[in-house]
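A structural walkthrough
For reference, the chains in residue letters:
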Amino acid sequence: MPGKSILAIIGGTGAGVLEDFVEERRSEVSTPWGSPSAPLRWGRLFGAEIVFLARHGDGHALAPHQINYRANLWAIDSVGVHCVVALAAVGGITQNMEPGTVVIPDQLIDYTYGRAQTFFDEEDPVKHIDFTDPYDAEMRKWLCDGARQADVPRIEQATYGVTQGPRLETRKEISKMEQDGCDIVGMTSMPEAALARELGLSYACCALVSNWAAGKGTRPIHDELEESLKQALARMRLILKAALSRPLPERP
Ligand code: HPA
């Protein structure tokens with residue numbers, strides 16, 4: 001199906017709803033993989049048509065390991081939308097990832113387990129997607145160009161370590177992740193990014209640093225969450241506003 005040139009936004013913690021989003025209609029999509037986390041919400045964000053999906057469900061009822069990632073991505077693909085920006089709250093590991101920062105990661109390391117991670121369980125012969133660069137280069141550029149246009153501070157290169165959760169990490173787990181090369185830590189980019197690639201969607205992540213990862217900050221983790229998310233969300237809104245004034249990448 002030719003892709004409609006509209007953006008799908010998958011909203012995460014702190015962005016379960018988007019303040020500036022004007023909803024026009026909802027669609028309940030059923031998929032061979034079950035139900036998505038929530039209905040698809042269609043409407044306008046800064047004047048542009050978008051479709052929004054609340055990753056954790058309405059009321060944030062689903063923990064990261066309980067999310068039906070396959071149904072979510074399938075639902076987006078099934079309505080012919082191919083550009084996806086995934087919003088995600090993350091912890092900051094390396095020095096410049098301070099709370100309040102917006103990060104557009106270019107790499108990830110997957111530490112999750114036991115999640116349904118492919119649409120190709122029954123495929124014969126088995127399919128192996130190229131996942132060398134897990135986030136779509138064109139979508140990343142679209143976000144980075146928006147950030148540049150809006151003159152919003154952001155980090156354009158980082159490695160997202162994806163943990164299983166729902167608990168936060170130990171101090172030692174975070175130092176190990178840092179040694180592995182992770183800059184930020186969150187719980188949702190896998191299998192989301194891989195499933196998007198399996199479907200041929202153009203998927204990028206806009207990560208919002210809500211706290212210093214375990215052992216990296218001086219304050220208790222939960223104390224800084226709200227305030228930092230607010231700052232990162234304000235930056236993310238400016239980035240999306242500028243990005244949405246430009247055309248989305250064409251489907252390859
Ligand atoms: N660890 C994992 N996931 C997260 C964190 C964190 O510190 N902050 C927000 N999501």
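Right, let's walk through the structure included here. Computed from a predicted model, the values in this text were never measured in an experiment.

A word on unusual backbone geometry
Here the residue pair G165 and P166 is connected by a cis peptide bond, since its omega of 0° sits within 30 degrees of zero. Within the element layout of this structure, P166 appears in the loop between β8 (159-162) and α3 (171-180). The residue after M190, namely P191, is reached through a cis peptide bond having omega 10°. Following the sequence through the fold, P191 ends up in helix α4 (residues 189-199).

As for the packing of aromatic side chains
Tallied over the entire structure, the rule returns five aromatic pairs. Residues W74 and F119 carry aromatic rings whose centres are separated by 5.4 Å and whose planes lie at 55° to one another, so their mutual orientation is tilted. Of this pair, W74 sits in helix α1 (residues 69-78) while F119 is found in the loop between β7 (107-110) and α2 (137-150), placing the two residues 45 residues apart along the sequence. Its relative accessible area of 29% is what places W74 among the partly exposed residues. Between the aromatic rings of Y135 and Y203, the centroid separation amounts to 6.2 Å while the plane-to-plane angle is 15°, which identifies the pairing as stacked. Residue Y135 is located in the loop between β7 and α2, and its partner Y203 is located in strand β10 (residues 202-212); the two are separated by 68 residues in the primary sequence. Since its relative accessible area comes to 3%, Y135 is described here as buried. Through a chain of ring-to-ring contacts, the aromatic side chains of W33, W74 and F119 assemble into a single cluster. Over the face of the ring belonging to W42 we find R25, whose NZ or CZ atom lies 4.5 Å from the ring centre. The ring of F120 has K127 sitting right over it, with the charged end atom 5.0 Å from the ring centre.

Looking at the nonpolar core
Soluble, globular proteins show a tendency: their nonpolar side chains are buried together. Core analysis: the biggest nonpolar cluster contains 75 residues, and L7, I9, L18, W142, L143 and Y160 have the highest contact counts within it. When near neighbours in sequence (up to four residues on either side) are disregarded, L7 contacts E49, I50, V51, V81, C83, V84, V85, M139, W142, L240, L244 and L248. The next biggest cluster of nonpolar side chains, apart from the first, holds seven residues, and it includes M177, C182, V185 and A213.

Here we look at the pattern of salt bridges
Inspection of every chain in the model, using the stated rule, returns 16 salt bridges. Ionic pairing is found between E178 and K216, a salt bridge with its closest N-O pair at 2.5 Å. Placement of E178 in helix α3 and of K216 in the loop between β10 and α5 (221-244) is noted, with a sequence separation of 38 residues between them. Given a relative accessible area of 31%, E178 falls into the partly exposed group. Bridged by salt links that share partners, the residues K141, D145, R148, R154 and E156 form one connected network.

Re the state of the cysteines
In the structure shown here, the tally under the stated rule is zero disulfides. Of the cysteine sulfurs around C83, a residue in no disulfide, the closest is that of C144, at 15 Å. Residue C83 is classed as buried on the basis of its relative accessible area of 0%. Of all cysteine sulfurs, the one in C205 lies closest to C182, which takes part in no disulfide; the gap is 13 Å. Judged by relative accessible area, C182 falls into the buried class, the value being 0%.

The rules behind each value
- Residues numbered from 1 in each chain as written.
- Predicted model: local features only at pLDDT ≥ 70, side-chain atom pairs only at ≥ 80, totals over all residues.
- Heavy atoms only, no water.
- Helix = DSSP H or I, 4+ residues; strand = E, 2+ residues; numbered from the N terminus.
- Phe/Tyr/Trp six-rings, centres within 6.5 Å; stacked < 30°, edge-to-face > 60°.
- Buried < 20%, exposed > 50% of the residue type's maximum accessible area, 1.4 Å probe, protein only.
- Lys NZ or Arg CZ within 6 Å of the ring centre and 35° of its normal.
- Core = buried A, V, L, I, M, F, W, Y, C linked by side-chain atoms within 4.5 Å.
- Contact = heavy atoms within 4.5 Å.
- Salt bridge = Lys/Arg side-chain N within 4 Å of Asp/Glu carboxyl O.
- Disulfide = S-S within 2.5 Å.

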